[in-house]
Amino acid sequence: MRTDFALVLAAALFLDSFTGNNGAQASKDPCRPGFTQSFYSVPVLKDLLQSQVNLKDTAVSSQKVRFDDCMGNEDVTFKSSNPDFSVRRDGSIFAQGDGAMLGEPVQFKVVASGPHTHVWETVVQLAVIDQPSPQQNEVTSKDGAAAEAQESARAPPAVIRFPTSGLGRSKGLRRLKRDWVIPPINVAENSRGPFPQMLVSIRSDQDQDISIRYSITGVGADQPPNEVFNIDPVLGKMFVTKPLDREHRSSYHLRAHAVDMNGNQVENPIDLYIFVIDMNDNRPEFKNQVYNGSVDEGSKPGTYVMHLSAFDADDNTTANGMVRYRILSQTPHSPIPNMFTINSETGDIVTVAPGLDREKVSQYTIIVQATDMEGNLNFGLSNTATAIITVTDINDNPPMLTSKTFSGEVPENRVDVVVTNLTVIDADQPHSPNWNAIYRIISGDPNGHFTIRTDPVSNDGMITVVKPVDFEMNRAFMLTVVVSNQAHLASGIQSSLQSTAGVTISVQDVNEPPYFPTNPKHIRFEEGVPAGTSLTTFSASDPDRLQMQQIIRYSKLNDPADWLSINRTNGQIVTTAILDRESAYVKNNIYEATFLASDNGSPAASGTGTLQIYLIDINDNPPALVPKESQICEQMNKNANGVNITASDADMDPNAGPFVFELPHSPSSVRRNWTISRINGNYARLGLSYQIYLEPGVYEVPIFVSDSGNPPLSNRSVIKVKVCPCDQNGDCTTVGAVAAASLGTGAIISILICIIILLCMVLLFVVWIKRREKERQTKQLLIDPEDDVRDNILKYDEEGGGEEDQDYDLSQLQQPDSLEHIISKPPGVRRVDERPIIPESQYPIRPVVPHPGDIGDFIHEGLRAADNDPTAPPYDSLLVFDYEGSGSTAGSVSSLNSSSTGDQDYDYLNDWGPRFKKLADMYGGGNDD
């Protein structure tokens, strides 16, 4: 037995992929450019590494990477993503640099390119193995599980041996070899079986000495998805149990274990990599079934339009996942059937011909097909999508007016009037900036009487008057208008000659109202001018100079104080009353009136004018004393203040202040008791004379006030001064204020006595109310409230003669003679006024000699018996109240009379209150009236 473990894959696993048999088979099929495999696992012999110290420029394996572009592979070059390794033109793999090491598996990408090919990629993995031996090429042929259609599946299963680990060997120290990495195992997806299908055979060098048990772990074995792979624990043969799907999982990583019968590890676990080989089992799928794009009309060939993309779930490093695009159809075929093309690899749609015109064709519908296998229609799978290309508008059509001349007319002195409409034609997209028209007046309206507004719906230009026109100034206007679009014209497009037109506007003469040349008119007059004074002539002019001479008549429209009148023919204004500057109708010295001027035109017209009269003030109002009342202390001292007085004057300066205040000479007591001292031009102080003592009270002091007018006006005013005792602060005391109010001591005492009497009356009324309430609460009833039946006794004006006076038999109402109609009724069916067929209840018998306390008990007992009596009729039946029954011990009430003599004691009637006093007197031995 060998002393070291080696990992060997059967040579057929690799050689079969590169033998001429495959080439012969391929020659029978149509040529498919590209690498023969998407993944190459190239074995590197261990003996090569031991014999070569430096691998530079050394072929690492006799196996080659095979590529065919179906055109002789002329000028085809290979590029490696790993700078330490390169691929020659014949497919040989060489170590390129000094750093090329194969201690671990090396994986890199190889790209093939050439003048006649696209770019193709494949993956190469280099792994070190021992020299293959016949003993290592064990093949399990059970059930013919190795019959696969794919190239990798036709290779015979490999025998994988555990590398040397030192387990179970001599305990002495020895050098351990490195573990060799096992090349991956390729399994085609969607295999049809039969299953389980054998993949490899795992062996240990110790299986001849001891019994070995093999197992595998990892995703797909003992981890979800479980049992995709399993292994024969005795023979070590590993199987795949179901078809694999590369799109679901593209690779598996398992670990193989070898243990003895006791579960002791015999070998170190080895890693197994299983790659799922892709099959073309998925169609390209567009993300959307309909794509929308746009391109400007008039675009040049090569203009980008839109992008479409399809996804293929297959391996995109192989032809299975390489999608190519082409256009199947174009609708409509105008101007040519092939206005667009699509990049077969990127899916970009571009224009290939000129002639896109939105006004002719506004939308194209294109059917795009995506095919995998690099667009091979024989072997690839296809899918389609729809591309809708909208031709967007550009401003390639200038607006054109429908006529070279337009005309209209407008009345004079009117604004916001549409004179005429300008109609325009534009073939561009309606209601877009390329279609929206903008009108301008370029000549004929220097004063800006007109403007042109665009109708947003019809795109017409509406010539509108914005400033009134005057027939007497301009009888007609000749305008020149030009129209353009909101957007600028596209490059190379010239404006049309039909974009300019002339507009003739006639002005219509109308009867204009008279107008006042000076409006408002200002004049100045002194107030107080007498009635009949002529102030001014307020005349109007008629602007209709070209019409027949018209007559103007004047009238008053607004005269708040009714001070003025106007002559109807010439407009002369005369006063009808005295003008007063101090009137409430005068504001800021100005009186304002409005007048009307009317002509006799057809139709008649009128205009208004305002006259403003500035009234100059004169001294016509005497001053008045302020305030009218005040108070002062009865004894003045040096620190005490008097009463400050001033005056008010309706006139203005200089006819108002400063004012002069004087006390009159008559009566003489005024100057003896009072003094006036000047403070300034508008104020003075009124005070008591120091030599005079005045009793508290109210005094009327006359004062003369004069203004500063020329001539001055004076006024005699009276101020009421209240003289009262004051406290130390100079304020009137309460007693003093009362005394000053002229109330004597007797009056004050009378008021206080009245207040005291009123309070006593209120107190006595409250005490009387409380006492009466207390008496009501303490008064006891003659009998117990429960036994008091006085509220239940009802008085009727007619008393019956008793049961003896009745002619009918009441027993018929109590108990019918015939009960057959009741007995014959089924159970549960009974009228509410029928008496049940059960024994009658026994009601309590009233005692012969009742006690006042027994009346209430008797009534309550009878009520309870009636409530519990099932034979008692319901509320809607006939109830008899005047029949007491045959068992009653009491006689008829009609048998009672005043001459009845018996041994019964009726003295208790005296205890029943005043309502029973009459009965008590009759039967209880009371005094007769």
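Being a predicted model, the structure only gives us computed values, none of them experimental. (Residues numbered from 1 in each chain as written. Predicted model: local features only at pLDDT ≥ 70, side-chain atom pairs only at ≥ 80, totals over all residues. Heavy atoms only, no water.)

### Some points on the environment of Glu121
And step 1. Its location among the elements puts Glu121 in strand β9 (residues 120-129).
And step 2. A relative accessible area of 30% means that Glu121 is categorised as partly exposed.
And step 3. Separated by 10 residues in the primary sequence, Glu121 and Val111 have C-alpha atoms spaced 4.6 Å apart.
And step 4. Once residues lying within four places of it in the same chain are set aside, the contact partners of Glu121 are Phe35, Lys109, Val110, Val111 and Thr317. (Helix = DSSP H or I, 4+ residues; strand = E, 2+ residues; numbered from the N terminus. Buried < 20%, exposed > 50% of the residue type's maximum accessible area, 1.4 Å probe, protein only. Contact = heavy atoms within 4.5 Å.)

### Considerations on a nonpolar patch on the surface
And step 1. A contiguous nonpolar surface patch, about 600 Å² in accessible area, is contributed by Leu758, Val762, Phe765, Val766, Trp768 and Ile769.
And step 2. Summarising the element assignment, Phe765 is placed in helix α6 (residues 745-778).
And step 3. Judged by relative accessible area, Phe765 falls into the exposed class, the value being 51%. (Patch = residues over 30% accessible without salt bridge, like charges linked within 9 Å, V, L, I, M, F, W, Y side chains within 5 Å. Areas by Shrake-Rupley, 256 points an atom, 1.4 Å probe, with all protein chains shown as cover. Salt bridge = Lys/Arg side-chain N within 4 Å of Asp/Glu carboxyl O.)

### Some thoughts on the state of the cysteines
And step 1. Enumeration according to the criterion identifies one disulfide in this entry.
And step 2. Between the sulfur of Cys633 and that of Cys726 lies a disulfide, 1.9 Å long from S to S. Linking Cys633 and Cys726, the disulfide has an S-S dihedral of approximately -105° and is accordingly described as left-handed. Residue Cys633 is located in strand β44 (residues 629-633), and its partner Cys726 is located in the loop between β50 (714-724) and α5 (734-740); the two are separated by 93 residues in the primary sequence.
And step 3. On the accessibility criterion, Cys726 (25% relative accessible area) is partly exposed. (Disulfide = S-S within 2.5 Å.)

### Some words on the pattern of salt bridges
And step 1. Enumeration according to the criterion identifies 12 salt bridges in this entry.
And step 2. Note that Asp207 is salt-bridged to Arg203, the shortest N-O span being 2.4 Å.
And step 3. Take Arg203: its relative accessible area is 19%, and that puts it in the buried class.
And step 4. The closest approach of N and O atoms between Glu582 and Arg581, which form a salt bridge, is 3.0 Å.
And step 5. Sharing partners across several salt bridges, the network here consists of Arg246, Glu247 and Asp278.

### Quick notes on the side chain of Asn589
And step 1. In this structure, Asn589 sits in the loop between β40 (572-575) and β41 (590-598).
And step 2. For Asn589, a relative accessible area of 13% translates into the label buried.
And step 3. Excluding residues that lie within four positions of it along the chain, Asn589 makes contacts with Arg581, Ile613, Tyr614, Leu615 and Met652.

### Notes on the confidence of the model for the chain
And step 1. In this model, the chain carries a mean pLDDT of 77, and residues with pLDDT of at least 70 account for 73%.
And step 2. A low-confidence stretch, residues 1-28 stays under pLDDT 50, and its non-local contacts, those more than four residues away or across chains, total 72 contacts.
And step 3. Segment residues 132-156 is flagged for pLDDT under 50; beyond a separation of four residues in sequence, or across chains, it makes 50 contacts in the model. (pLDDT = per-residue confidence, 0-100.)

### A short note on the packing of aromatic side chains
Aromatic rings considered in pairs are described by the distance between their centres and by the relative angle of their planes.
And step 1. Tallied over the entire structure, the rule returns 16 aromatic pairs.
And step 2. Relative to Phe108, the ring of Phe85 has its centre 5.7 Å away and its plane inclined at 0°; by these criteria the two rings are stacked. Taken together, the positions of Phe85 in strand β6 (residues 85-87) and Phe108 in strand β8 (residues 106-113) put the pair 23 residues apart, joining distant regions of the chain.
And step 3. The class of Phe85 is buried, set by a relative accessible area of 3%.
And step 4. Owing to a relative accessible area of 3%, Phe108 belongs among the buried residues under this scheme.
And step 5. Ring centres of Trp674 and Tyr699 lie 6.4 Å apart, and the angle between their planes is 65°; on these two criteria the pair is classed as edge-to-face. Remark: Tyr699 occurs in strand β49 (residues 697-706) and Trp674 occurs in strand β47 (residues 674-678); sequence separation between them is 25 residues.
And step 6. The buried category is assigned to Trp674, whose relative accessible area is 6%. (Phe/Tyr/Trp six-rings, centres within 6.5 Å; stacked < 30°, edge-to-face > 60°.)

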